[in-house]
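Here is how the chains run, residue by residue.
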Amino acid sequence: MQTLPPLSSSHIHIADDAVDRIPSVGTGAYAHQQRLEKPGLSRYSTEEKEVEEEEDGRDVRKKQTFRGKYLFWLAYQSIGVIYGDIGTSPLYVYSSTFSSEPSRDDLLGALSLIIWTLTLMVSVKYVTIVLRADDEGEGGTFAVYSLLSRYANIVRRDPREERGIKMERVKTNELSTGSKSARNFMERSAFMKALLKVVGVLGVSLVMSDGVLTPAQSVLGAIQGLEIVKSDISSSTIVGTTCAILICLFLIQPLGTSKIGSAFAPIVIIWLLFNLAFGIYNLVFFDHSVLKAFSPYFAGAYFVRNKTDGWRSLGGILLAFTGVEALFADLGAFTRRAIQLSWLCFGFPCLLLAYIGQAAYISQNKGAYSNPFFNSVPPGMFYPSLVVAILAAIVASQTMITATFQLLSQIIKLSYFPQIKMKHTSRIFHGQIYIPWVNWILMVGTICVTAAYSNTTKLGEAYGVCVILVTFITTCMVSLVALIIWRLHFLIVVAGFLVFGTLDGLYLSSALTKVPNGAWFTLCLAILLSSIFVLWRYGKENQWRAEGEDRISPRQLLTELPKDAEKDGDAPILRLSSSMGGAPVSRLRGVGIFFDKTGSPNGTPSVFIHFLQKFQAAPAVVVFFHIRPLSTPTVAPEDRFSVSRCFTRTSSKSTLQDFYRVTIRHGYADEVITSDLGLLIYENIRKFIIHDRGMSTAPTPSPESNNSTSEDSTSSSDPPTNAPFNISAESANTSKQQHVRQALASLQAAYDDQVVHIVGKEQMRIREVRGWGNVGGMSRKIVLAAFLWLRSNTGSKVANMNLDVEKLVEVGFVKLI
């Protein structure tokens, strides 16, 4: 009897920079990584359906939840990242709202608008309602679109990502009439599907465009504050200093959100506490009667009195909540409870008292509106507040930088942008992302904007439009969520939309007056980014459609004929199916590991299909190998590999001999493509063969075990009538052991010969357009040509694999799109 080779001690290496080599496309966080297996279901299963169910249960994204010290730690970090932008608004809101000395009634009206805007737009709308419209912990308008797509059939899925998405479509009879009508309209209207896609992408693009302006606006505004101390400081000095600070800010981004947030939080906390203390001081010593601005009457009277001028001034008041869109976009880096805790218990009261205190001071001091914060600073606190204000304004840039990373990771995950290198920066908080390429692009963009605009007055004309447009888009999309996911009554949703939609509409219409004066820049940038995202998605959908032609099962590709007893060898004869030509398939020496992009349990990798078509041959042992990245730092060793067999007839579970599927599940800190990959796959297939046949690792039972078995049999109290059954069972067991030995011997011989890694080199070409007068066809050709150009310039997947080039084979093939 053949002795089985011992298992090696090879293992998967853990590396902090693993994501540099294999980019992880998932951005959802896992609360706990659990194995959702059915009782008695082995990780090594020959049942394809069961394997698929097991893997689906384990790989669906789940959001992280934290309590206790981790919740407070996240809330602390969120202060340093999220509230830098909205927290520095007291520096310029009143000066941006009024162009001349305001009357007391106008001051109370503006204060009332600020109070109720912060209450309704931020605390009620975003913190209480919008933060609940998350997609497994991810936030932003695109996350809302992704959430809708899990409850309604409005988007085509990437075949590689289908197992990581939990579809939760509500039964039609459980929906109210309004919810049912809304969902039916979304699913049946091609225009609505396209509109939702464009609106979701536009929301992301607007935030990213704002991310270019915010660092320039906040840092430039902080450095311009030095003019208070040194009035003759030159413009070139201000711009140069601003650019130097911006470069330093972007250079520290690789440290990660957790470290940066923890370092910046004390600055923002001190800044907000200054605002809180100064507000209380001014309220006590100047004019406490401004507290009556809590009555919305003063806000309404402000519009009645000022009419068009009052409406135009909303463009300045909306600066009080700039950064609120980042509060939702940064949800993936923190959690809903952490953000709610930090805002309601700290940020909101500090900012309310800051604006109230400034109004109390302005009402008693003429000209104070022009620089409300520094003019209202208590005696002896000017220089400390100047230093803290400069630091807080610099920190404010972090809000949009982090939001840009989070949103782009969502865009990449749903195939609206090429796969680029991403880094998860924390093993504890899985949603915290850093994207090097985007970081450097943002740095160049903000420096160019700073140099071009040179002062905050010009930047202010371009600032704010993106913010309010995103909030309006969010209102519309969350209303759909409330209908078909939260299943609220139609009238409740309409009432909420009218309230928040009216507020958004007022601010948006006022902000749009800035478009000719500078806001056109951010809008054009957002449209450009949206076009790139939609173009890439259109190209990917055409690519999936073309690749779907190769999505066939092995039973449709190969037929296995009984072995010829007159010929040497035990392997059955393989032949291509009649639809593929019916030619016989010869067997090559060694183990062939075919990289499977989609990992479908019933499909065949395209590279294997084209390999068969070109060579009409298959390796002695064929492995369909799929890599499945998860959004956890690491995967437990016992859960990493999943092995199953390939089937020719699913009804009778007939298997292709020496054909296996291997899936490796890995976290973002696991390095899975290593030089010993072939050995790892061999070991796991070997364990699968042994486990699958119910045989222990010891191939030859010892004499003691034989005696023990005999004694057990002898001492059995079974009646003699069971003897034929026992003989039959023993015969079946002997047969199984023989099959195991043959399978192990075949695997060992192939592994000893050679191990070859075979990857596909897919080249995409555009189908010829019939008739040059076909405008639609030519437009399609131009768009697809742009997609292919982007695709060819986003790096090679093989270059990211740490494989031995001596054992690597690329099989080229062409797909028409």
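- You'll find the chain entered in an unreviewed UniProt entry as Potassium transporter, with Letharia lupina given as the organism.
- Per UniProt, the chain carries the Subcellular location (unreviewed entry) text "Membrane".

### Examining the overall build of the chain
Part 1 of the reasoning: Secondary structure assignment for the chain yields 28 helices and 12 strands.
Part 2 of the reasoning: Taken across its 817 residues, the chain has 55% of its residues classed as buried.
Part 3 of the reasoning: Across the chain, every contact between residues at least 6 apart in sequence was considered, and the portion connecting residues at least 24 apart equals 82%.
Part 4 of the reasoning: Just so you have it, the chain exposes about 34,600 Å², and 59% of that area is on carbon and sulfur atoms.

### Some words on the environment of cysteine 448
Part 1 of the reasoning: Counting through the fold element by element, cysteine 448 comes out in helix H17 (residues 436-453).
Part 2 of the reasoning: Of the residues examined, cysteine 448 reaches a relative accessible area of 49% and is grouped as partly exposed.
Part 3 of the reasoning: When the C-alpha positions of cysteine 448 and cysteine 243 are compared, they lie 9.0 Å apart, and in sequence the two are 205 residues distant.

### Things to note about the nonpolar core
Part 1 of the reasoning: With 162 residues, the main nonpolar core has Leu408 and Phe533 as its most contacted residues.
Part 2 of the reasoning: Excluding residues within four positions of it along the chain, phenylalanine 533 makes contact with Val201, Val204, Ser205, Met208, Leu408, Ile411, Tyr416 and Phe417.
Part 3 of the reasoning: One finds Tyr660, Val672, Ala743 and Leu747 within the second-largest nonpolar core, a separate group that totals 30 residues.

### Topic: the side chain of glutamine 748
Part 1 of the reasoning: Mapped onto the elements of the fold, glutamine 748 is located in helix H27 (residues 723-753).
Part 2 of the reasoning: Among the residues examined, glutamine 748 registers a relative accessible area of 17% and is labelled buried.
Part 3 of the reasoning: Among the polar contacts listed, one links the side chain of glutamine 748 to the side chain of tyrosine 682, at a separation of 2.5 Å.

### A short note on the packing of helix H5 (residues 104-129) against helix H14 (residues 336-364)
Part 1 of the reasoning: Between H5 and H14, the shortest axis-to-axis distance is 10 Å and the interhelical angle comes to 175°. The pairing of H5 with H14 is recorded here as roughly antiparallel in orientation. Within the contact between the two elements, H5 uses Arg104, Leu107, Leu111, Ile114, Ile115, Leu118, Thr119, Val122, Ser123, Val127 and Thr128 and H14 uses Gln340, Trp343, Leu344, Phe348, Leu351, Leu352, Tyr355, Ile356, Ala359, Ile362 and Ser363.
Part 2 of the reasoning: Taken together, the residues that form the contact of H5 with H14 break down as 16 nonpolar, five polar and one charged.

### Side note on the packing of aromatic side chains
Part 1 of the reasoning: Applying the stated criterion across every chain yields a total of 32 aromatic pairs.
Part 2 of the reasoning: Ring centres of tryptophan 271 and phenylalanine 373 lie 4.7 Å apart, and the angle between their planes is 45°; on these two criteria the pair is classed as tilted. Placement of the pair is tryptophan 271 in helix H10 (residues 257-285) and phenylalanine 373 in helix H15 (residues 372-375), with a sequence separation of 102 residues.
Part 3 of the reasoning: Relative accessible area serves as the criterion here: at 1%, tryptophan 271 is assigned to the buried category.
Part 4 of the reasoning: Residue phenylalanine 373 is classed as buried on the basis of its relative accessible area, which comes to 2%.
Part 5 of the reasoning: Relative to phenylalanine 285, the ring of tyrosine 281 lies with its centre 4.6 Å away and its plane at 35°, an arrangement referred to as tilted. Residue tyrosine 281 and its partner phenylalanine 285 are located together in helix H10, separated by four residues, close to a single helical turn.
Part 6 of the reasoning: Relative accessible area serves as the criterion here: at 27%, tyrosine 281 is assigned to the partly exposed category.
Part 7 of the reasoning: Residue phenylalanine 285 is classed as exposed on the basis of its relative accessible area, which comes to 57%.

### Overview of H10
Residues lying three or four places apart along an α-helix face the same way, a consequence of the helix completing one turn every 3.6 residues.
Part 1 of the reasoning: In a regular helix each residue adds 1.5 Å, so 29 residues correspond to 42 Å; H10 covers 40 Å between its end C-alpha atoms and thus fits that length.
Part 2 of the reasoning: Along its length, H10 shows its largest kink, about 35°, at phenylalanine 264, and proline proline 266 lies within four residues downstream of that point.

### With respect to a nonpolar patch on the surface
Part 1 of the reasoning: Taken together, Phe490, Leu491, Val494, Phe497 and Leu498 make up a surface patch of nonpolar side chains, about 450 Å² in accessible area.
Part 2 of the reasoning: Examined against the element boundaries, leucine 498 turns out to sit in helix H20 (residues 490-511).
Part 3 of the reasoning: The exposure class of leucine 498 is exposed, given its relative accessible area of 52%.

### Points about the pattern of salt bridges
Part 1 of the reasoning: In total, this model carries 13 salt bridges according to the counting rule given.
Part 2 of the reasoning: Ionic pairing is found between aspartate 106 and arginine 305, a salt bridge with its closest N-O pair at 3.0 Å. Pair noted here: aspartate 106 is in helix H5 and arginine 305 is in helix H11 (residues 297-312), with a separation of 199 residues, a long-range link.
Part 3 of the reasoning: Between glutamate 136 and arginine 150 there is a salt bridge, with its nearest N and O atoms 3.9 Å apart. With glutamate 136 in the loop between H5 and helix H6 (141-151) and arginine 150 in helix H6, the pair connects residues that are 14 residues apart, well separated along the chain.
Part 4 of the reasoning: In this structure arginine 150 comes out as buried when scored by relative accessible area, which is 4%.

### Remarks on unusual backbone geometry
Part 1 of the reasoning: One non-glycine residue, lysine 307, adopts positive backbone phi at about 50°.
Part 2 of the reasoning: The residue lysine 307 is located in helix H11 in this model.
Part 3 of the reasoning: According to the relative accessible area criterion, lysine 307 is exposed, its value standing at 58%.

### Observations concerning the confidence of the model for the chain
Part 1 of the reasoning: Per-residue pLDDT for the chain averages 78, and the proportion of residues at 70 or more is 81%.
Part 2 of the reasoning: Taken element by element, the chain is modelled with least confidence in helix H1 (residues 18-21), mean pLDDT 33, and with most confidence in H5, mean pLDDT 93.
Part 3 of the reasoning: Across residues 1-56, confidence stays below pLDDT 50; counting only partners more than four residues off in sequence or on other chains, it has 167 contacts.
Part 4 of the reasoning: This model gives residues 565-569 a pLDDT under 50, and the stretch forms zero contacts once residues within four places in sequence are excluded.

### A word on the pairing of strand S5 (residues 573-576)
For a regular strand, side-chain orientation follows a simple rule: the groups alternate between the two sheet faces.
Part 1 of the reasoning: Of the two faces of S5, only one is covered, namely that formed by Leu574 and Leu576; the face formed by Ile573 and Arg575 stays uncovered.
Part 2 of the reasoning: Sheet topology places S5 next to strand S6 (residues 584-595); two bridges connect them, and they run antiparallel. Along S6, the bridge assignment pairs arginine 575 with proline 584.

### Regarding the environment of glutamine 613
Part 1 of the reasoning: Tracing the sequence through the fold places glutamine 613 in helix H23 (residues 606-615).
Part 2 of the reasoning: Counting along the chain gives 32 residues from glutamine 613 to glycine 581, while the straight-line C-alpha distance between them is 9.2 Å.

### Notes on the state of the cysteines
Part 1 of the reasoning: Under the defined criterion, the tally for this structure stands at zero disulfides.
Part 2 of the reasoning: As a non-bridged cysteine, cysteine 243 has cysteine 448 as the owner of its nearest cysteine sulfur, 8.8 Å distant.

### So, the environment of phenylalanine 274
Part 1 of the reasoning: Within the secondary structure, phenylalanine 274 sits in helix H10.
Part 2 of the reasoning: Along the chain, phenylalanine 274 and alanine 354 lie 80 residues apart, while their C-alpha atoms are 8.7 Å from each other.
Part 3 of the reasoning: Sequence-distant contacts of phenylalanine 274, defined by excluding residues within four places in its chain, comprise Met381, Pro384, Ser385 and Val388.

### Quick notes on H6
Part 1 of the reasoning: With 11 of 11 residues buried, H6 lies mostly within the body of the structure.
Part 2 of the reasoning: Looking only at H6, the buried set comprises Thr141, Phe142, Ala143, Val144, Tyr145, Ser146, Leu147, Leu148, Ser149, Arg150 and Tyr151.
Part 3 of the reasoning: Packed against the buried residues of H6 are helix H7 (177-188), helix H8 (190-224), helix H13 (324-329), helix H16 (382-413) and helix H19 (465-484).

### Considerations on the packing of helix H9 (residues 235-251) against H17
Packed helices, taken two at a time, are described by the angle between their axes plus the distance between the axes.
Part 1 of the reasoning: Here H9 crosses H17 at 170°, and the two axes come no closer than 10 Å. With respect to their mutual orientation, H9 and H17 come out roughly antiparallel. Only Asn439, Trp440, Leu442, Met443, Thr446, Ile447, Thr450 and Ala451 of H17 make contact with H9, whose side of the interface consists of Val239, Thr242, Cys243, Leu246, Ile247, Phe250 and Leu251.
Part 2 of the reasoning: Grouping the amino acids of the contact of H9 with H17 by side-chain chemistry returns 11 nonpolar, four polar and no charged.

Conventions and cut-offs
Residues numbered from 1 in each chain as written. Predicted model: local features only at pLDDT ≥ 70, side-chain atom pairs only at ≥ 80, totals over all residues. Heavy atoms only, no water. UniProt positions renumbered as here; feature names shortened; annotations may be inferred. Helix = DSSP H or I, 4+ residues; strand = E, 2+ residues; numbered from the N terminus. Buried < 20%, exposed > 50% of the residue type's maximum accessible area, 1.4 Å probe, protein only. Contact = heavy atoms within 4.5 Å. Areas by Shrake-Rupley, 256 points an atom, 1.4 Å probe, with all protein chains shown as cover. Core = buried A, V, L, I, M, F, W, Y, C linked by side-chain atoms within 4.5 Å. Polar contact = N/O pair within 3.5 Å; in protein donor to acceptor, adjacent residues only side chain to side chain. Axes fitted to C-alpha atoms, helices over the stretch in contact; angles between N-to-C directions. Parallel < 35°, antiparallel > 145°, perpendicular 65-115°, else oblique. Nonpolar A, V, L, I, M, F, W, Y, C, P; charged D, E, K, R; others polar. Phe/Tyr/Trp six-rings, centres within 6.5 Å; stacked < 30°, edge-to-face > 60°. Expected span 1.5 Å × (residues − 1). Bend = angle between axes of the 7 residues up to and from the residue. Patch = residues over 30% accessible without salt bridge, like charges linked within 9 Å, V, L, I, M, F, W, Y side chains within 5 Å. Salt bridge = Lys/Arg side-chain N within 4 Å of Asp/Glu carboxyl O. pLDDT = per-residue confidence, 0-100. Pairing = 2+ DSSP bridges. Disulfide = S-S within 2.5 Å.

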